[in-house]
Amino acid sequence: MGVKLTSAIFAVVAVVGSACASAQTDVGLSLYGAFSGTVDENGITQSPAATAGGIFELRHIANPILGFEGTYSYNRANRHYVCPTSCGDVTFGTIKADAHQVTVDWVPSVHVLNLRPFGVLGIGGLFNVPQGSDPQVSTKTGSQVVYVYGAGLDVTVIPHFGLRFQYRGNLYKPPDVTDLFTSADKFTHTAQPMVGIFIRL
């Protein structure tokens with residue numbers, strides 16, 4: 001009985017020690033491409049432009065299950081509208097805008113040697129802010145809830161520094177940034193392949 005109890009204690013200590021050893025807090029900075037789908041509704045086609053952006057992440061991973069992060073990302077978010085029949089005299093237009101996104105994400109992961117594969121599941125806010133002024137186009141800031149999912153891999157290169165490769169997908173309703181065209185009431189998707197760095201604190 002004593003041997004079994006001792007073995008169980010050593011096993012618990014080993015698991016706790018492994019979890020503590022794999023814990024980390026880091027800041028990450030990545031560049032990404034944003035590729036959004038076309039939306040058709042109410043006779044209007046919205047075609048977001050493909051663009052590039054950057055994301056900042058503050059992440060803490062306590063163990064394989066308890067990992068969380070806060071993020072801020074920015075990219076250009078120009079939207080092209082085509083309305084051939086139902087919009088009166090105006091049949092097309094482009095709204096130039098910036099997209100700001102803030103999210104809180106759950107990050108489950110495992111730590112194997114110098115590799116840490118991870119998942120991402122979160123929610124946040126997406127804010128599309130039109131740029132410039134056009135007297136013929138009435139614009140406004142569009143605010144949407146955004147749902148985030150994804151996966152990635154951290155590769156430690158040297159202590160406290162590594163490379164981060166990930167894919168993030170965003171689900172949201174198209175932003176309502178103009179009174180000239182009616183907004184779509186359906187979900188659309190933006191794919192964001194990313195590459196960047198992280199610094200372990």
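Remember, it's a predicted structure, so these values are computed and weren't measured experimentally.

A.B. asks: With reference to specific residues and values, describe the packing of aromatic side chains.
C.D. replies: Scanning the entire structure with this criterion turns up two aromatic pairs. Measuring from ring centre to ring centre gives 6.3 Å for Tyr147 and Phe187, while their planes differ by 55 degrees; the resulting arrangement is tilted. Placement of the pair is Tyr147 in strand S10 (residues 142–158) and Phe187 in the loop between strand S11 (161–172) and strand S12 (188–200), with a sequence separation of 40 residues. What makes Phe187 partly exposed here is its relative accessible area of 49%. Judged by centre distance (6.3 Å) and plane angle (55 degrees), the ring pair of Tyr149 and Tyr167 falls under tilted. Here the residue Tyr149 occupies a position in strand S10, and Tyr167 occupies one in strand S11, the gap between them amounting to 18 residues. The exposure class assigned to Tyr167 is partly exposed, which follows from its relative accessible area of 32%. Sitting over the face of the ring of Phe118, Arg59 holds its NZ or CZ atom 4.3 Å from the ring centroid.

A.B. asks: I'd like a description of the environment of Arg76, backed by residues and values.
C.D. replies: Looking at the element boundaries, Arg76 is found in strand S5 (residues 67–76). Owing to a relative accessible area of 31%, Arg76 belongs among the partly exposed residues under this scheme. Between the C-alpha atoms of Arg76 and His100, which are 24 residues apart in sequence, the distance is 8.8 Å. Once residues within four sequence positions are removed from consideration, Arg76 is found in contact with Thr51, Ala52, Lys96, Ala97, Asp98 and Gln131. A polar atom in the side chain of Arg76 sits 3.5 Å from the side chain of Asn78. Among the polar contacts listed, one links the side chain of Arg76 to the side chain of Asp98, at a separation of 2.6 Å.

A.B. asks: Give me the pairing of strand S3 (residues 44–48): which residues, what numbers.
C.D. replies: Across the two faces of S3 the burial differs, with Ile44, Gln46 and Pro48 buried and Thr45 and Ser47 not buried at all. By the bridge criterion, four bridges tie S3 to strand S6 (residues 79–82) in an arrangement that is antiparallel. Paired with Ser47 across the strands is His80, a residue of S6.

A.B. asks: Tell me what's going on with the pattern of salt bridges, and back it up with residues and numbers.
C.D. replies: Summed over the entire model, instances satisfying the criterion amount to 11 salt bridges. The partner of Asp26 in a salt bridge is Arg164, and the shortest N-O contact between them spans 3.2 Å. Of this pair, Asp26 sits in strand S1 (residues 24–36) while Arg164 sits in strand S11; the two residues are 138 residues apart in sequence, bridging distant segments of the chain. On the basis of relative accessibility, which here comes to 0%, the residue Asp26 falls in the buried class. Here Arg164 falls in the buried class, since its relative accessible area comes to 0%.

How each quantity is defined
Residues numbered from 1 in each chain as written. Predicted model: local features only at pLDDT ≥ 70, side-chain atom pairs only at ≥ 80, totals over all residues. Heavy atoms only, no water. Phe/Tyr/Trp six-rings, centres within 6.5 Å; stacked < 30°, edge-to-face > 60°. Helix = DSSP H or I, 4+ residues; strand = E, 2+ residues; numbered from the N terminus. Buried < 20%, exposed > 50% of the residue type's maximum accessible area, 1.4 Å probe, protein only. Lys NZ or Arg CZ within 6 Å of the ring centre and 35° of its normal. Contact = heavy atoms within 4.5 Å. Polar contact = N/O pair within 3.5 Å; in protein donor to acceptor, adjacent residues only side chain to side chain. Pairing = 2+ DSSP bridges. Salt bridge = Lys/Arg side-chain N within 4 Å of Asp/Glu carboxyl O.

Any functional reading would require information beyond the geometric quantities listed.
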